[in-house]
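Listed below are the residues making up each chain.
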Amino acid sequence: GQRFIGVDPSERAVRRLDGTGVDGIVGEDAVLGREVPPESVDLVLLDHVIEHVPEPRETLARLASVLKPGGEIHGVTPNVDAWDARFFGPKWVGWHPPRHFFLFDHESFTRLAREAGLEVVSLRSDPEGASHTAVSLHTWLADRIGFVPSPGQWRLRIYPLLLLASMAITVPQLLLSKTSVMSFVLRKPAGAGADRPSA
C-alpha cells in the first residue's frame, strides 16, 4: 500500500526512475499539490535540495501541506557556520554559485522551518561534511599551486586521499564544533490540519 514519488525538474533524471517502483514526476515542489492529496504523505526526503530552491520558506510550507500531521521531512544541507567554510573562504564547496540560492546555519534554518509551520525534531552536524572538506581542500590546493586539473583521472585518484585527510578534521568537528553539512528532521505538528495556514 505504499507509494514512492520522486520529483525532479529534469526529464532525464525522472526517466531513470522507470522500473524502480518510484513514480517519477517532472516538475518542482509545487507539482506535489496537484499530484497528491493534502495530508497524505508520511515522509519527504530533501537531500541537498533546500539550498537550490529560490523560495525555501514557500517550498517547506508547500511540502508541509501534503504531509500528514506528524509526518516528517528529512534532509541535509550545507552549514555556512562551519570552520571549513570560514577557512576556505571563496574556495569552500558549499557556496556552489550559481546553483545555491540560500545557505543556512543552525539558527537561520530553525527559523525558516518554524516560519513554514514545521517543528524542528533534530538539527545536527553530518559526517558528510568530510566530503565537502575534501572538495574544498582540492580546490584550495589547486589554486595555491596554480594548477586546476580537469575532472578526470588525476582528480579521481587524489580525492580518496583528501577524503581520508578530511575525516581527521571532521571527527573533531562532530565532537566539538560543526561540520559543513547539517542533517535535519522536521515534523508537521500533530494538531496542524489542512484548513490551517502552514506559515
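Conventions and cut-offs
Residues numbered from 1 in each chain as written. Predicted model: local features only at pLDDT ≥ 70, side-chain atom pairs only at ≥ 80, totals over all residues. Heavy atoms only, no water. 1 Å grid on protein atoms, 1.4 Å probe; cavity = no way out; pocket = protein on both sides within 12 Å on 5 of 7 lines; lining within 4 Å. Points joined across faces, edges and corners; volume = space filled by probe spheres on them. Helix = DSSP H or I, 4+ residues; strand = E, 2+ residues; numbered from the N terminus. Nonpolar A, V, L, I, M, F, W, Y, C, P; charged D, E, K, R; others polar. Salt bridge = Lys/Arg side-chain N within 4 Å of Asp/Glu carboxyl O. Buried < 20%, exposed > 50% of the residue type's maximum accessible area, 1.4 Å probe, protein only. Core = buried A, V, L, I, M, F, W, Y, C linked by side-chain atoms within 4.5 Å. Contact = heavy atoms within 4.5 Å. Phe/Tyr/Trp six-rings, centres within 6.5 Å; stacked < 30°, edge-to-face > 60°. pLDDT = per-residue confidence, 0-100. Polar contact = N/O pair within 3.5 Å; in protein donor to acceptor, adjacent residues only side chain to side chain.

Of the voids in this model, the largest pocket is the one considered here, and its volume is about 1,300 Å³. Lining the largest pocket are 38 residues; nearest its centre among them are Ile5, Gly6, Val7, Val44 and Leu45. Elements with a minimum of two residues in the lining of the largest pocket: strand S1 (4-8), helix H1 (11-15), strand S3 (41-47) and helix H3 (56-66). The leading source of residues in the lining of the largest pocket is S3, at 7 residues. Here the residues of the lining of the largest pocket sort into 21 nonpolar, 7 polar and 10 charged.

To continue, consider the pattern of salt bridges. The tally for this structure, following the rule as stated, stands at 11 salt bridges. In this structure, Arg3 engages Asp23 in a salt bridge whose closest nitrogen and oxygen atoms are separated by 2.8 Å. Placement of Arg3 in the segment before S1 and of Asp23 in strand S2 (residues 22-26) is noted, with a sequence separation of 20 residues between them. On the basis of relative accessible area, Asp23 is assigned to the partly exposed category, the value being 35%. One salt bridge in this structure joins Lys91 and Asp143, with 3.6 Å as the shortest N-O distance. Taken together, the positions of Lys91 in the loop between helix H4 (83-88) and helix H5 (106-115) and Asp143 in helix H6 (residues 129-145) put the pair 52 residues apart, joining distant regions of the chain. Taking the relative accessible area as the measure of exposure, Lys91 reaches 26% and is therefore partly exposed. Each of the salt bridges in this network shares a partner with another, and the network as a whole consists of Arg57, Glu58 and Glu115.

In this section: the nonpolar core. Leu60, Ile73, Phe109, Leu118 and Leu186 are the most contacted members of the largest nonpolar core, which totals 24 residues. The set of elements that each furnish at least two residues to this core consists of S3, H3, strand S4 (67-78), H5 and strand S6 (181-187). At 5 residues, H3 tops the list of elements feeding residues into this core. Ignoring any residue separated from it by four or fewer positions in sequence, one finds Leu118 in contact with Leu60, Ala64, Leu67, Ile73, Ala113, Leu186, Arg187, Lys188 and Pro189. Judged by nonpolar contacts, the second largest core, of 6 residues, contains Ala85, Trp92, Ala134 and Leu162.

Take the packing of aromatic side chains next. Summed over the entire model, instances satisfying the criterion amount to 7 aromatic pairs. Aromatic side chains Phe109 and Phe184 sit 4.6 Å apart centroid to centroid with 40 degrees between the ring planes, which places their arrangement in the tilted category. Here Phe109, found in helix H5, pairs with Phe184, found in strand S6; they are 75 residues apart in sequence, far enough to count as distant. With a relative accessible area of 0%, Phe109 lands in the buried category.

Another aspect to go through is the environment of Val49. Looking at where Val49 falls in the secondary structure, it is placed in the loop between S3 and H3. The class for Val49 is partly exposed, based on a relative accessible area of 31%. Considering only alpha carbons, one finds Val49 and Gly19, 30 residues apart in sequence, at a separation of 24 Å.

Another aspect to go through is the confidence of the model for the chain. Per-residue confidence for the chain gives a mean pLDDT of 89; residues scoring 70 or more make up 90%. Low confidence marks residues 194-199, where pLDDT is under 50. Its contacts with residues over four positions away, or in another chain, come to 12 contacts.

For an α-helix, the turn length of 3.6 residues means that residues three or four places apart are oriented alike. Among all positions of H5, only His106, Ser108, Phe109, Thr110, Leu112 and Ala113 are buried. In this structure Asp105 caps H5, since a side-chain oxygen of it lies 3.2 Å from the backbone nitrogen of Glu107. Looking one or two places after H5, you find Gly117, whose phi comes out positive at around 85 degrees.

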